[in-house]
Amino acid sequence: MVNFFVLRSSKMESKLTVLGVLLLVTQILGYRPVVLIHGIMTGSGSMEMISHRIQEKHPGTIVYNVNRFESWSSLETMWHQVLEIGLDVANISSRYPEGINLIGYSQGGLIARGIVETFPNVSVSTFISLSSPQAGQYGAGFLHLVFPGLLKDSAYELFYSRVGQHTSVGNYWNDPYHQTLFESYSVFLPYLNNHIKSAKSDDFKNNLLKLKRLVLIGGPDDNVITPWQSSQFGYYNTNETVIEMKEQDIYREDRIGLRALDESGRLHVVTVPGVNHFSWHMNVSIVDDYLLPFLD
Ligand SMILES: *[C@@H]1O[C@H](CO)[C@@H](O)[C@H](O)[C@H]1NC(C)=O
Ligand SMILES: *[C@@H]1O[C@H](CO)[C@@H](O)[C@H](O)[C@H]1NC(C)=O
Ligand SMILES: *[C@@H]1O[C@H](CO)[C@@H](O)[C@H](O)[C@H]1NC(C)=O
Ligand SMILES: *[C@@H]1O[C@H](CO)[C@@H](O)[C@H](O)[C@H]1NC(C)=O
């Protein structure tokens, strides 16, 4: 700006025009595109309200609402969904050098994190995880959606097996009483969280650290994500006491970059009471108060 004002007046006029056009373009193209990823046993239709509200309040925003792995196919393995949806998101991302914003609801938020961690060619500015089991799931609320009659105490017998790992839920089932089995059978969550080190661990962390913002939304009245603090990387210890994110090794040892994001002011942990799991994506005030402010 200082340079601008020392320009001679003849050049000033054209500079002003250029500035005006730039401002106009910024207004029109002001918001980054948003990619939405739906939850388990539903599809893109369940994310329509969020899509419409973003476009209403942030006119001009392009919204991509992922319609892969809807309904029963949402039970396909997590790595498969991360790869397939990730290729689409990489394709979208390649068209927007300034980056995209990513919102995943429930299981979709865990798929979204998988994409951020594994695709170096996906450039995400803000990633919002909307009530997603980021540290895993150990509760009947989720189970009964898909496996009626399966009890949480014995679900590990199914999920911690070769066969059980062929379902998405098995991939993030985290039974605090059977951690050894979790570590030996689960092919997804222990790796994504760098709980088990692999050749990819450094990439996972470096990719997550490229985010401008990580927003973790969850709340005590969720009643499906169990414990609800899993939406914010808190989890049960071995006697089912919840240990908050900042006391977890994933944060303390900065295994995936959470602490670095936090210390650089890029981690936003948002707790909203009074919202049931099936309301997050249906509640306009959630979009207005907790999603839109992070989308630019
Ligand atoms: C992004 O990277 C993956 C490999 O990680 C590759 O298969 C894919 O073609 C790339 N997509 C684009 C649009 O560059
Ligand atoms: C990227 O998306 C466009 C438009 O949907 C499509 O035509 C193209 O084949 C895609 N490219 C890749 C590498 O998937
Ligand atoms: C459960 O674990 C917490 C934290 O490690 C500990 O303070 C508490 O005494 C334990 N409770 C029982 C019943 O063992
Ligand atoms: C909608 O969200 C607000 C918080 O923004 C919450 O207070 C309210 O209880 C929610 N309503 C429903 C029906 O979930």
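Residues numbered from 1 in each chain as written. Chains lettered and ligands numbered in written order. Predicted model: local features only at pLDDT ≥ 70, side-chain atom pairs only at ≥ 80, totals over all residues. Heavy atoms only, no water.

1. What about the site of ligand 4?
Val272, Gly274, Val275, Ser279, Asn283, Ser285, Ile286 and Tyr290 make up every residue found near ligand 4. For ligand 4, an oxygen atom lies 2.9 Å from a polar atom in the side chain of Ser285. For the shell around ligand 4, the class distribution of residues is four nonpolar, four polar and no charged. (Near = heavy atom within 4 Å. Polar contact = N/O pair within 3.5 Å; in protein donor to acceptor, adjacent residues only side chain to side chain. Nonpolar A, V, L, I, M, F, W, Y, C, P; charged D, E, K, R; others polar.)

2. Side note on the layout of surface pockets
Its volume calculated, the largest pocket comes out at about 480 Å³. As for the largest pocket, its lining consists of 20 residues, of which Gln179, His195, Tyr235, Tyr236 and Gln248 are closest to the centre. Those elements giving two or more residues to the lining of the largest pocket turn out to be α9 (179-185), α10 (189-192), β6 (235-236) and α12 (249-252). When its residues are assigned to classes, the lining of the largest pocket shows ten nonpolar, seven polar and three charged. (1 Å grid on protein atoms, 1.4 Å probe; cavity = no way out; pocket = protein on both sides within 12 Å on 5 of 7 lines; lining within 4 Å. Points joined across faces, edges and corners; volume = space filled by probe spheres on them. Helix = DSSP H or I, 4+ residues; strand = E, 2+ residues; numbered from the N terminus.)

3. Focus on the side chain of Ser131
Relative to the assigned elements, Ser131 resides in the loop between β4 (124-130) and α6 (140-146). There is a polar contact of 2.5 Å between the side chain of Ser131 and the side chain of Asp222.

4. Regarding the site of ligand 3
Taken together, Asn237, Asn239 and Thr241 make up all the residues around ligand 3. Between an oxygen atom of ligand 3 and a side-chain N or O atom of Asn237, the distance comes to 3.0 Å. Here Asn239 contributes a side-chain N or O atom positioned 2.6 Å from an oxygen atom of ligand 3.

5. Remarks on the sheet that holds β4
Ordered in space as β2-β1-β3-β4-β5-β8, the six strands form an open sheet in which the pairing is parallel. Only two strands of the sheet have a single neighbouring strand rather than two, namely β2 (63-65) and β8 (267-271). Put simply, the sheet's adjacent strands are angled 15 degrees from each other on average, direction ignored. As paired elements, strand β5 (residues 213-218) and β8 share five bridges and run parallel to each other. From the neighbouring strand, Val215 faces β8, where its bridge partner is His268. Relative to the sheet, helix α5 (residues 107-118) contacts β1 (34-37), β3 (100-105) and β4, its axis offset from that of β3 by approximately 140 degrees. (Pairing = 2+ DSSP bridges. Axes fitted to C-alpha atoms, helices over the stretch in contact; angles between N-to-C directions. Contact = heavy atoms within 4.5 Å.)

6. Digging into helix α4 (residues 78-94)
With 17 residues, α4 should reach 24 Å at 1.5 Å per residue; the first-to-last C-alpha distance of 23 Å fits that figure. The largest bend in α4 is about 25 degrees, located at Gly86. Burial in α4 covers these residues: Met78, Gln81, Val82, Ile85, Gly86, Val89, Ala90, Ile92 and Ser93. Residues of α4 that are buried sit in contact with β1, β2, β3, α5 and α8 (168-172). (Expected span 1.5 Å × (residues − 1). Bend = angle between axes of the 7 residues up to and from the residue. Buried < 20%, exposed > 50% of the residue type's maximum accessible area, 1.4 Å probe, protein only.)

7. Describing the pattern of salt bridges
Using the criterion set out here, one finds 16 salt bridges in the structure. A salt bridge links Arg53 to Asp288; the shortest N-O distance between them is 2.6 Å. Here Arg53, found in helix α3 (residues 48-57), pairs with Asp288, found in helix α14 (residues 284-291); they are 235 residues apart in sequence, far enough to count as distant. Take Asp288: its relative accessible area is 24%, and that puts it in the partly exposed class. The partner of Arg255 in a salt bridge is Glu253, and the shortest N-O contact between them spans 3.0 Å. We classify Arg255 as partly exposed; its relative accessible area is 21%. A network of salt bridges, in which partner residues are shared, links Arg32, Lys212, Arg213 and Asp296. (Salt bridge = Lys/Arg side-chain N within 4 Å of Asp/Glu carboxyl O.)

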